[in-house]
Each structure stands twice: as structure tokens, then as C-alpha cells.
Amino acid sequence: MMSGNNGKGGGNNSNDEKDKFKELISEAILTEKPNVKWEDIAGLENAKSSLKEAVIMPIKFPQIFEGIRKPWKGILLYGPPGTGKTFLAKACATEADATFFEISAATLVSKYVGETEKMIRALFNLARE
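Positions within a chain are numbered from 1, following the residues in the order the chain's sequence is written. Under the rules for a predicted model, residues below a pLDDT of 70 receive no local features and side-chain atom pairs below 80 are neither given nor counted, while totals for whole chains, interfaces and linings still include all residues. Working from all heavy atoms in the structure, the side-chain values ignore hydrogens and water.

Observations concerning unusual backbone geometry
At step 1: Phi is positive for L44, which is not a glycine, with a value near 50°.
At step 2: In this model, D97 sits at a positive phi of 55°, which is unusual for a non-glycine residue.
At step 3: Numbering of helices and strands starts at the N terminus; helices are DSSP runs of H or I of at least 4 residues and strands are runs of E of at least 2. By the secondary structure assignment, D97 is in the loop between α3 (85-95) and β2 (100-102).

Quick word on α3
At step 1: Considered for burial, the residues of α3 that qualify are L88, K90, A91, C92, A93 and T94.
At step 2: With its phi angle positive at about 55°, D97 sits one or two positions after the end of α3. Buried means the residue's accessible area, taken with a 1.4 Å probe over protein chains only, is under 20% of the maximum for its type, while exposed means over 50%, and partly exposed covers the values in between.

Quick look at the nonpolar core
At step 1: Core analysis: the largest hydrophobic core is formed by 9 residues, namely V36, W38, I41, L51, I56, L88, A91, C92 and A96.
At step 2: Sort the elements by how many residues they give to this core and α3 lands first, with 3 residues. Residues belong to a common nonpolar core when they are buried Ala, Val, Leu, Ile, Met, Phe, Trp, Tyr or Cys residues joined through side-chain atoms within 4.5 Å.

Here we look at the confidence of the model for the protein chain
At step 1: Along the chain, pLDDT gives the predictor's confidence residue by residue, from 0 to 100. Of all residues in the protein chain, 80% attain a pLDDT of 70 or more, and the chain-wide mean is 78.
At step 2: Across residues 1-11 the pLDDT falls below 50, and counting only partners more than four positions away or on other chains, this stretch makes 3 contacts in the model. When checking whether two residues touch, look at their non-hydrogen atoms; a contact exists if any pair is within 4.5 Å.

As for the pattern of salt bridges
At step 1: Salt bridges are defined as contacts in which a side-chain nitrogen from Lys or Arg sits within 4 Å of a carboxyl oxygen from Asp or Glu. Tallied over the full model, the rule gives 2 salt bridges.
At step 2: A salt bridge links K48 to E45; the shortest N-O distance between them is 3.2 Å. Remark: E45 and K48 occur in helix α2 (residues 45-60); sequence separation between them is 3 residues, near one turn of the helix.
At step 3: Among the salt bridges present, the one from K60 reaches E95, with a minimum N-O distance of 3.0 Å. Taken as a pair, K60 in helix α2 and E95 in helix α3 lie far apart in primary sequence, 35 residues in all.

Examining helix α5 (residues 115-128)
At step 1: A helix's residues, less one, multiplied by 1.5 Å, set its expected span. Taking 1.5 Å of rise per residue, the 14 residues of α5 would be expected to cover 20 Å, and the 20 Å separating its terminal C-alpha atoms lies within 8% of that figure.
At step 2: Listed as buried for α5 are T116, M119, A122, L123 and L126. Down the axis of α5, the buried set is contained in an arc of 120°. They therefore lie on one face. Exposed residues on α5 whose side chains face more than 90 degrees from its buried face are R121 and R128. Note that the arc is defined by the directions from the helix axis to the C-beta atoms.

Remarks on the packing of α2 against α3
At step 1: α3 packs onto α2 with a crossing angle of 25° between their chain directions and a minimal axis gap of 10 Å. Regarding the angle of α2 to α3, the classification is roughly parallel. Viewed along their axes, α2 and α3 form a crossing whose handedness is right-handed. Mapping the contact onto sequence places A47, K48, L51, V55, I56 and K60 in α2 and L88, C92 and E95 in α3.
At step 2: Each residue gets one of three labels, nonpolar for Ala, Val, Leu, Ile, Met, Phe, Trp, Tyr, Cys and Pro, charged for Asp, Glu, Lys and Arg, and polar for the others, Gly among them. A per-class count over the contact of α2 with α3 returns 6 nonpolar, no polar and 3 charged. Lines fitted to the C-alpha atoms define the axes, with helices restricted to the stretch that makes contact. Angles between their N-to-C directions range from 0 to 180 degrees. Oblique is the label for every angle not falling under 35 degrees (roughly parallel), over 145 degrees (roughly antiparallel), or within 65 to 115 degrees (roughly perpendicular). By convention, the crossing between two helices is left-handed when the near helix turns anticlockwise from the far helix through less than a right angle, and right-handed when the turn is clockwise.

See below:
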């Protein structure tokens, strides 16, 4: 006697699980169109120029990044609280005319094995959509 998945190998359960995580993430994130300009940020000139080169230039001038020259694959902002990481990310989103997803790490972390990874995967899938 088969139970739950009607003998289909759990494919339907996998989609249900993805939808569950997607819904949990959707409820937790604050999606906004920030209105922060580069001029609003005092100092941090190296970080601003790096972000412009990594994110803004490939969006505004894609013809520059053809052939051998490729845009950066990512950038990591790190440092203690209050040093401007979120403000830089909001300015970057404003300049790129992108949506800014603000989510706390506490929302993503789970006590169950594998749940945190699934939440992060759902977050990135939602961002791609």
C-alpha cells in the first residue's frame, strides 16, 4: 500500500514543499523600491566605486562586458553593524532600478536540518522571478 504520493516518487510533495518555502519567504521579506542616491552616502568611496563597477556598469553598458571582459559574478559587503552596508545596497538598487529585498537572518535560520538551505534557495528563486 502506497501512501501520500500516489507512487509518483514524491514529485508532487517536492513542489508543495517549494511552494511552502516560497510562501514563508514572501511573508518575511520587505520588498521596496529604495530612494537612496550615491550622494546620500558620505565617504565609502572605494565601496561605492566597486559597486558601480560590479553592478551598475554591466546593467547600463552591457556592450563593454562582451568577449573576454566579463562582469563580476558577485560582491560581498561585510563589516560590523552601522558601517553602511545596507545603505550601499539600497543605493545600488536605486541606481539599477531594482527591487530591494530586506530579510533578517533569523527568518532564514531553522532548527531542522536542511530547512535553512531550502529557505535560502526559495529566497533566490523568488528574487529571480
